[in-house]
Amino acid sequence: KAGVTQTPRYLIKTRGQQVTLSCSPISGHRSVSWYQQTPGQGLQFLFEYFSETQRNKGNFPGRFSGRQFSNSRSEMNVSTLELGDSALYLCASSLGLAGQGVYEQYFGPGTRLTVT
Amino acid sequence: AQSVTQPDIHITVSEGASLELRCNYSYGATPYLFWYVQSPGQGLQLLLKYFSGDTLVQGIKGFEAEFKRSQSSFNLRKPSVHWSDAAEYFCAVGGNTNAGKSTFGDGTTLTVKP
């Protein structure tokens with residue numbers, strides 16, 4: 001099976017712009033989670049989508065949003081970019097079957113976002 | 001609230017020596033525990049997981065971890081380290097009530113001396 005893919009791998013944006021990142025999960029996985037990784041804050045959970053619905057949300061401002069499509073592919077959007085949004089954004093997929101607990105998450109290679 | 005503590009920010013071991021990376025967690029219900037490894041510029045690779053059952057779990061690349069509920073610990077071990085094991089290691093906790101959300105420790109960077 002193909003692994004989790006994320007596009008683009010690298011991105012440079014300017015403060016105030018917006019950006020959209022894409023994640024394609026492993027075939028058959030219905031849960032997609034997003035994480036932000038920075039040297040100062042480590043790995044922080046953004047949100048998780050399951051069957052096109054946001055199921056969990058972390059403590060990030062409303063500038064961070066996401067969605068999931070019927071084929072389980074997910075996008076996250078960051079509006080009005082700030083310098084502090086520079087980070088590695090990781091997507092993870094899992095079976096995530098409702099009511100059956102947490103399954104292990106498989107991570108993509110990440111998108112490196114640099115805000116200047 | 002769930003949390004994970006990895007007390008060692010950086011560990012250096014000689015190639016061929018044994019390794020133990022510490023992880024302590026806090027979780028209000030039955031925890032699901034994971035260890036991941038990340039090489040520079042890469043995503044996270046799952047090494048092993050604990051959901052229930054045998055408290056000693058085997059993973060890939062010769063790693064194992066032991067779940068100790070009384071100590072709220074899930075330490076990662078390897079009997080003989082290889083130079084290719086140099087990377088950053090993350091412990092994470094999740095659970096049934098927060099499906100799809102894992103809380104990660106701050107990571108331990110492993111350096112392997114020749």
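Just so we're clear, the structure is a prediction, and the values are computed from it rather than from any experiment.

L19, W35, L47, L48, F74, L76 and Y89 of chain B are the most contacted members of the largest nonpolar core, which has 27 residues in total. Breaking this core down by element, the ones donating at least two residues are β2 (10–14), β3 (19–21), β5 (32–38), β6 (44–50), β8 (64–68), β9 (73–78), β10 (87–94) and β12 (108–113) of chain B. For this core, the leading source of residues is β10 of chain B, giving four residues. Apart from the residues lying within four places of it in its own chain, the contact partners of L47 of chain B are W35, Y36, V37, G59, I60, K61, F63, L76 and Y89 of chain B. Core analysis: the next-biggest nonpolar cluster, separate from the first, contains 21 residues, V19, L46, F64 and Y89 of chain A among them.

Here we take up the interface of chain B and chain A. With 21 residues of chain B at the contact, the number on the chain A side is 22 residues. Counting the contacts that link chain B with chain A gives one salt bridge. When the shortest N-O distance is used, the salt bridge between E104 of chain A and K49 of chain B registers 3.4 Å. Taken together, the links from chain B to chain A amount to five residue pairs in polar contact (both at pLDDT 80 or more). Considering every element that reaches the side of chain B that touches chain A, the biggest residue donor is β5 of chain B, with four residues. Split by residue class, the side of chain B that touches chain A holds nine nonpolar, ten polar and two charged.

Right, let's get into the pairing of β5 of chain B. All names here are of chain B. Most of β5 is tucked away: seven of the seven residues are buried. Examined bridge by bridge, β5 and β10 share seven bridges and lie antiparallel to one another. Bridging from a neighbouring strand, F34 pairs with A92 of β10. Between β5 and β6, which pair antiparallel one after the other, the connecting turn spans five residues, and G41 there sits at a positive phi close to 75°.

What counts, and where the lines are drawn
- Residues numbered from 1 in each chain as written.
- Chains lettered and ligands numbered in written order.
- Predicted model: local features only at pLDDT ≥ 70, side-chain atom pairs only at ≥ 80, totals over all residues.
- Heavy atoms only, no water.
- Core = buried A, V, L, I, M, F, W, Y, C linked by side-chain atoms within 4.5 Å.
- Buried < 20%, exposed > 50% of the residue type's maximum accessible area, 1.4 Å probe, protein only.
- Helix = DSSP H or I, 4+ residues; strand = E, 2+ residues; numbered from the N terminus.
- Contact = heavy atoms within 4.5 Å.
- Salt bridge = Lys/Arg side-chain N within 4 Å of Asp/Glu carboxyl O.
- Polar contact = N/O pair within 3.5 Å; in protein donor to acceptor, adjacent residues only side chain to side chain.
- Nonpolar A, V, L, I, M, F, W, Y, C, P; charged D, E, K, R; others polar.
- Pairing = 2+ DSSP bridges.

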